[in-house]
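# Architecture at a glance
Letter by letter, the chains look like this.
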Amino acid sequence: MDFRIFTEPQQGATYDDLLRVARAAEDAGYDAFFRSDHYLKMGSSDGLPGSTDAWITLAGLARETSRLRLGTLVSPITFRHPGPLAISVAQVDQMSGGRVELGIGSGWYEAEHTAYGIPFPALGERFDQYEEQVEIIAGLWGTPVGQTYSFAGKHYQLTDSPALPKPAQSPRPPILIGGGGAKRTPRLAARFADEFNIGFTSIENAAAQFARVKAACEAIGREPSSIILSVAHPVVVGRDDAEVARRAAAIGRDLDELKQHSFAGTAAEVLDRIGAWHEGTGANRIYLQLLDLTDLDHVDFFAAEVAAKWAK
């Protein structure tokens, strides 16, 4: 089981805040540090000092960490054109020595688009764009040096692109696709994804979606086990019930709800919960949504008392 830290900086975090958490995660032995890609806060948070750009953040972290995998969960296709995004991710991959992963999705948060003047088409059109973007990015990275890449789609057209720069990883950085769509999402994942993620849902819903992804792989002759299956949930863990309750209160969440739907409780309780997810879904990677970025002891405690004990 891989354990990855997943942050939501749009709720209020500077680059330095994220750097402290990333370094703590690296020192504690986590597999990766991921961040959301949003330009507007959600809920009652004031969001101060304001959102940071995901790929600028990861470029900085690429130079200030040495081992952690780095990526987005997930980058909306509405924010960037596929050609420039492929260039940005390839460059950050080079800057990190080949540690970058691209989580990419169709986008869903209309308010952030309205707030910053970003077009937000209807879902069907966004998914059409999503399919084209993923194909283009994979195509650009997969084009041999010295050859060119062209694409003629409904939304994007590329003509004789040199398809440069190349990422450090070969054949390309891993692509993560996720979500709960029952038809088009599994088919897209089967074609292009190295990892499929679903978050903030039940074991039963996740298992059903993973089954759809596996069926979509089989339909095109792909080995289903070649896709990593992952889940994302908030994490609130402590030495005792009082510490768990304090950490839940610090992020403004109801503890009973967290225990029912997330990775929350004492170390023993969270280990049991992770076991249930692993048995019920086959997931072998967990993104731990860390919402209090000031509590670095939380990062260390989970690593020592949950991740390390799971490994044994």
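No experiment lies behind these values; they were computed from the predicted model shown.

What counts as what
Residues numbered from 1 in each chain as written. Predicted model: local features only at pLDDT ≥ 70, side-chain atom pairs only at ≥ 80, totals over all residues. Heavy atoms only, no water. Phe/Tyr/Trp six-rings, centres within 6.5 Å; stacked < 30°, edge-to-face > 60°. Helix = DSSP H or I, 4+ residues; strand = E, 2+ residues; numbered from the N terminus. Buried < 20%, exposed > 50% of the residue type's maximum accessible area, 1.4 Å probe, protein only. Core = buried A, V, L, I, M, F, W, Y, C linked by side-chain atoms within 4.5 Å. Contact = heavy atoms within 4.5 Å. 1 Å grid on protein atoms, 1.4 Å probe; cavity = no way out; pocket = protein on both sides within 12 Å on 5 of 7 lines; lining within 4 Å. Points joined across faces, edges and corners; volume = space filled by probe spheres on them. Nonpolar A, V, L, I, M, F, W, Y, C, P; charged D, E, K, R; others polar. Salt bridge = Lys/Arg side-chain N within 4 Å of Asp/Glu carboxyl O.

## Things to note about the packing of aromatic side chains
Tallied over the full model, the rule gives nine aromatic pairs. Ring plane angle 75 degrees and centroid distance 5.1 Å describe the contact between Phe127 and Tyr130, whose orientation is recorded as edge-to-face. Here Phe127 pairs with Tyr130, and both are found in helix α5 (residues 123-142), just three residues apart, close to one helical turn. In this pair, the class of Phe127 matches that of Tyr130, namely buried.

## Let's talk about the nonpolar core
By size, the foremost hydrophobic cluster in this structure holds 78 residues, and its most contacted members are Tyr30, Phe33, Trp55, Ile104, Ile177 and Phe302. Broken down by element, this core gets its largest block of residues, eight residues, from α5. Contacts of Tyr30, omitting those with residues within four sequence positions, involve Phe3, Ile5, Ala25, Arg67, Leu68, Leu288, Val299, Phe302 and Ala303. One finds Ala32, Phe34, Leu176 and Ala232 within the second-largest nonpolar core, a separate group that totals seven residues.

## Overview of the layout of surface pockets
When its volume is computed, the largest pocket comes out at roughly 1,300 Å³. In this structure, the largest pocket is lined by 48 residues; those nearest its centre are Glu8, His38, Trp108, Phe200 and Gln289. At the level of elements, β5 (100-105), α5, β8 (175-178), α6 (184-192), β9 (195-199) and β12 (285-290) are the ones that each hand at least two residues to the lining of the largest pocket. Here the lining of the largest pocket is built from residues that sort into 21 nonpolar, 21 polar and six charged. In this model, the second largest pocket occupies a volume close to 170 Å³. Together, Ile77, Thr78, Phe79, Arg80, His81, Pro119, Pro121, Gln129, Gln133, His155 and Tyr156 line the second largest pocket. Broken down by class, the residue content of the lining of the second largest pocket amounts to five nonpolar, five polar and one charged.

## Overview of the pattern of salt bridges
A complete count under the given rule lists 23 salt bridges for this structure. A salt bridge links Arg4 to Asp31; its shortest N-O distance comes to 2.5 Å. Of this pair, Arg4 sits in strand β1 (residues 2-7) while Asp31 sits in the loop between α1 (15-28) and β2 (32-35); the two residues are 27 residues apart in sequence, bridging distant segments of the chain. A relative accessible area of 1% means that Arg4 is categorised as buried. A salt bridge links Asp128 to Arg184; the nearest nitrogen and oxygen atoms lie 2.6 Å apart. With Asp128 in helix α5 and Arg184 in helix α6, the pair connects residues that are 56 residues apart, well separated along the chain. The structure contains a network of salt bridges with shared partners spanning Asp2, Arg4, Asp31, Arg69, Glu101, Glu195 and Arg285.

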